[in-house]
Amino acid sequence: MSELFVVGISWRTAPVAVREQLAFRDEELVGTLQAMTTELPVAEALLVSTCNRVEVYGVSTPGADPTGPVRTFLARQRGLAPSAMADVLYDHRGSSAVRHVFSVASALDSLVLGEAQILGQLKAAYSVAGEAGTSGPVLGRCLERAFGVAKRVRTETAIARGAANVSTVAVDLAKRVFGDLTGKSVLVIGAGKMSRLAARHLYSSGAHRIVVTNRSPDKAEALAAEIDGIAQPWDDLERLLVEADVVISSTGARQPILTRALFKRVTKARRWRQLVVIDIAVPRDAEPQIGDFDGVYVFDIDDLEKVVAANLAERAKAAEHAGRIVEHEAGQFEHWLRTQSVVPTIRALRERFARVADVELQKSLDQLARREHTPAQQREVMQRLVQLVVNKLLHQPTAALREAPPDEAGLRAEILCQLFDLSPGTGDEPREAQPALDREIAEPAPERKAVT
Amino acid sequence: MTPATERLLSVSASPAFWAAVVAYAAATAALLVVLAGHHKLRPLALVLVGIAFAAHGTDIGWRGTQHVHPAQSVREALGFLAFIITGGYLLASARYRLTVGGAAVMPVALVMLVVARLTPAGTAPEDLSTLGKIHISLATVGVGVFALASALSMIYLIEERALRRKRFDTVAFKDNGAPLEALDRLSHRLIWVGFPIFTVALVLGAIWVSKLGESLDRPEYPLAAVTWMFYAALLVVRQAYGWRGRRAARLTLAGFAAALLVLVIYLVRRMAGG
């Protein structure tokens, strides 16, 4: 029987220096997938390659264990010795593979718990597999279910709630004070990378007026151009502070820039309008005492990190609930998979029965059509029809049971009992009770000539 | 006994009153459960507040059919005040998440309602003139609006404190309540609404007292004036000096404390039969 499998490497098992060796570029994916399904005992395959994981999700050809060959294949593809990758690659088969795929899609296996980016990457990988022609019914169904599970986990648990990085936390804190950030103005002091990220987040939350100031005007201009802001001279800092609603500060200055003396003037000129100061510089740009002024809220990098940590702790709590959802859904998927494997047998059985019944029915109909029959004769034709069909259908199983090798006869009988819900008596009682039936089973009645 | 006395004492609590009491208590409990982290129960809590509001209104209406005017006495007015506060809270909740505020306001409304209905009526008040009724009605509405503004200011101070002290794990912070700026603005607007009403009530009250020929040396009269002065000052400093936030919130609460004191003195005097 073919089964699902996963072979991969992720941030859990290997540092980026190792992961990057195994990474695939987008344009390599189709070729790799096709090579995998032609060269290896792999019927369906999907390859997801992101900065945090490189994983193959696939379905084996019947009876094969493809995890070993896929491990070797991945290493060889990247020109590495398979033995070198043995410890960092992991694999899952069957139900554990299903659980893994569902967990990954639900961002339970992400570096930042609940970070939904992986879902989009999986969807992209799935469509690439479709393009390569390597995704089939089982993998397709598995992925579709995984996307459904991810959506459930996202809406039913708190896994993606609360900002999980410093710059989104900065936006959240500003929203605590202002609510809607539409129309608010942001002052970016210093041109650090962190302030760029935070400014972008504020911009996308509606704060479209961004002013950048820096000791070196060139850098201010460059950053302003990058984030749709306006560069202003450093000497105007006090005026800029009076006009701003949110300040993001990340200069490399050794001494605080946002001093108590400065804020005494600034807050008065602002008439104590609320001002959120996000100080992500180390050493800090803002003197902590400026937070004592009415309407001024100062958050340094530690405060932001603290919120991130608290939010991640909440997410970890939610992960337990999410795990139960994954478990439940994986169980349902496996049930579907099991029924899938017997579907061809069921279909063949039904077709065989239908064929036998059709043939005999046609014979009887022809016979009835040939001439007028009295009701008694019609009755006889019907009875014979049913008897014939039953005999024909039971002929093969009966023979198979009688001619079974001794070590298998008991098993076959047991399976038949289960399938048809029989409870044969152990003594001679049923034999005596149904002699006619018994004789029938032992010796199928020869086809009688049709009544004319 | 004058007919008025008989009337006042004969009106017993209606079934709607008891329904309101139960709903207020249930709403308080539900809001506390929401605060404890069961956010899914928030709609249920608000529905309970709505039921309490409706039952309370029904009770007031029923008393109306028994010829008890909601502003007939300070005791009646207290129940009416609780009604206004609950209604205001419901309105504000439609826009903001005010779970902390609700958990504080609902028990207060409950206590006010119970005090208004179950305390002994004392001796019957003199038959009220129209002037007196208008005075009590306006004063009740004015104080009700101030009460709402004060509740918002209280929430402002709690949230502001959590934010300033960076207590990110406190209930006030996790509740994800209304933003500070909105609380401040809303409180300010409410005072703008309440102030003229309260002013008219005060003037009518003064005319009424002088008409009755009572002396003006009762402590509640200057206290009412102090309340008025607090809110007048608040409007002035907000407008002229740009006061807002923490200072404005504290001043709002101080003014309301004075208003409450006036109410308490009235009530105690009535119950003592003064």
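Residues numbered from 1 in each chain as written. Chains lettered and ligands numbered in written order. Predicted model: local features only at pLDDT ≥ 70, side-chain atom pairs only at ≥ 80, totals over all residues.

**Student:** It is not clear to me how the overall build of chain A should be interpreted in this structure. Could you clarify?
**Tutor:** Along chain A, the regular secondary structure elements total 17 helices and ten strands. Relative to its 452 residues, chain A shows a buried fraction of 35%. Sequence separation of at least 24 residues holds for 70% of the intrachain contacts in chain A that already meet a minimum separation of 6. (Helix = DSSP H or I, 4+ residues; strand = E, 2+ residues; numbered from the N terminus. Buried ≥ 20, exposed ≤ 12 C-beta atoms within 10 Å, placed from the backbone. Contact = placed C-beta atoms within 7 Å.)

**Student:** What is the right way to read the overall build of chain B from this model?
**Tutor:** The secondary structure content of chain B amounts to ten helices and zero strands. When the helices and strands of chain B are listed from N to C terminus, the series reads α-α-α-α-α-α-α-α-α-α. For chain B, buried positions account for 43% of its 274 residues. Residue pairs in contact within chain B that sit at least 24 positions apart in sequence constitute 82% of those at least 6 positions apart.

**Student:** Can you walk me through the interface of chain A and chain B in this structure?
**Tutor:** Interfaces are often described in size by the accessible area the parts lose on coming together. Tallying the contact residues gives 16 residues for chain A and 15 residues for chain B. Those elements that provide at least two residues to the side of chain A that touches chain B are α8 (166-178) and α13 (301-370) of chain A. Classifying every residue of the side of chain A that touches chain B gives six nonpolar, four polar and six charged. (Nonpolar A, V, L, I, M, F, W, Y, C, P; charged D, E, K, R; others polar.)

**Student:** Before we go on, may I ask you to explain the sheet that holds strand β10 (residues 296-300) of chain A in this structure?
**Tutor:** Whether parallel or antiparallel, the strands of a sheet pair through hydrogen bonds between backbone atoms. All names here are of chain A. Read from one edge to the other, the open sheet built from six strands follows the order β7-β6-β5-β8-β9-β10, with strand pairing classed as parallel. Among the strands making up the open sheet, the edge pair consists of β7 (230-232) and β10. On average, each strand axis in the sheet is inclined to that of its neighbour by 20°, with strand direction left out of account. Pairing analysis gives five bridges linking strand β9 (residues 275-279) to β10, with the strands arranged parallel. Bridging from a neighbouring strand, Ile278 pairs with Phe299 of β10. (Pairing = 2+ DSSP bridges. Axes fitted to C-alpha atoms, helices over the stretch in contact; angles between N-to-C directions.)

**Student:** When you look at helix α6 (residues 130-164) of chain B in this model, what are you seeing that I'm missing?
**Tutor:** Spacing of three or four residues puts side chains on the same side of an α-helix, whose turn is 3.6 residues. All names here are of chain B. Along its 35 residues, α6 runs 50 Å from first to last C-alpha, staying within 8% of the 51 Å computed at 1.5 Å per residue. Across the 35 residues of α6, 27 count as buried, placing the element largely inside the fold. Phi turns positive, to about 60°, at Lys166, one or two residues after α6. (Expected span 1.5 Å × (residues − 1).)

**Student:** It is not clear to me how the packing of helix α5 (residues 95-105) of chain A against helix α7 (residues 137-156) of chain A should be interpreted in this structure. Could you clarify?
**Tutor:** A pair of packed helices can be characterised by two numbers: the angle between their axes and the separation between those axes. Residue and element names in this part refer to chain A. Contact geometry for α5 and α7: axes closest at 8 Å, N-to-C directions at 45°. Taken as axis vectors, α5 and α7 run oblique relative to one another. In terms of crossing hand, the pair formed by α5 and α7 is right-handed. Residues Val98, Val101, Phe102 and Ala105 of α5 touch α7, and the partners they reach there are Cys142, Ala146, Phe147, Val149 and Ala150. (Parallel < 35°, antiparallel > 145°, perpendicular 65-115°, else oblique. Left-handed = near helix turned anticlockwise from the far one by under 90°.)

**Student:** Explain the pairing of β9(A) to me, please; I cannot follow it from the model alone.
**Tutor:** Every other side chain in a regular strand lies on the same face of the sheet, so the side chains alternate between the two faces. Residue and element names in this part refer to chain A. Extensive coverage of β9 is indicated by the burial of five of its five residues. Residues Leu275, Val277 and Asp279 of β9 are buried on one face, and the alternating residues Val276 and Ile278, pointing to the opposite face, are buried as well. Between strand β8 (residues 246-249) and its parallel partner β9, the chain crosses via helix α12 (residues 260-270), and the hand of that crossover is right-handed. (Right-handed = clockwise from strand over helix to strand, strands pointing away.)

**Student:** Sorry, what's going on with the environment of Asp358(A) here?
**Tutor:** Locating Asp358(A) in the fold gives a position in helix α13. Separated by 31 residues in the primary sequence, Asp358(A) and Val389(A) have C-alpha atoms spaced 9.3 Å apart.

**Student:** Is there a simple way to think about the packing of helix α2 (residues 15-35) of chain B against helix α3 (residues 42-65) of chain B in this case?
**Tutor:** Residues and elements named next belong to chain B. Contact pair α2 / α3: the axes reach a minimum separation of 8 Å and the direction vectors enclose 160°. The orientation of α2 with respect to α3, classified from their angle, is roughly antiparallel. When you trace α2 past α3, the crossing you get is left-handed. Contact residues: Ala16, Phe17, Ala19, Ala20, Ala23, Tyr24, Ala26, Ala27, Ala30, Leu31 and Val34 in α2; Arg42, Leu44, Ala45, Leu48, Val49, Ile51, Ala52, Ala55, His56, Thr58, Asp59 and Trp62 in α3.

**Student:** Could you clarify how one ought to interpret the pairing of strand β2 (residues 42-49) of chain A in this entry?
**Tutor:** All names here are of chain A. Burial within β2 is extensive, with seven of its eight residues counted as buried. The sheet contact formed by β2 and strand β3 (residues 53-60) spans seven bridges and is antiparallel. Of the residues in β3, the one forming a bridge with Ala45 is Gly58. Between β2 and β3, which pair antiparallel one after the other, the connecting turn spans three residues.

**Student:** For this particular structure, what's the right way to read unusual backbone geometry?
**Tutor:** All names here are of chain A. For the bond running from Val282 to Pro283, omega is 0°, close enough to zero to count as cis. With respect to the helices and strands, Pro283 occurs in the loop between β9 and β10. One non-glycine residue with positive phi stands out, namely Ala107, at about 65°. Checked against the element boundaries, Ala107 lands in the loop between α5 and α6 (117-132). Residue classification places Ala107 among the buried residues on the basis of 24 C-beta atoms within 10 Å. Although it is not a glycine, Asp228 adopts a positive phi angle of roughly 60°. Considering the arrangement of structural elements, one finds Asp228 in the loop between α10 (217-226) and β7. A residue is classified by how many C-beta atoms lie within 10 Å of it, and Asp228, with 12 of them, is exposed.

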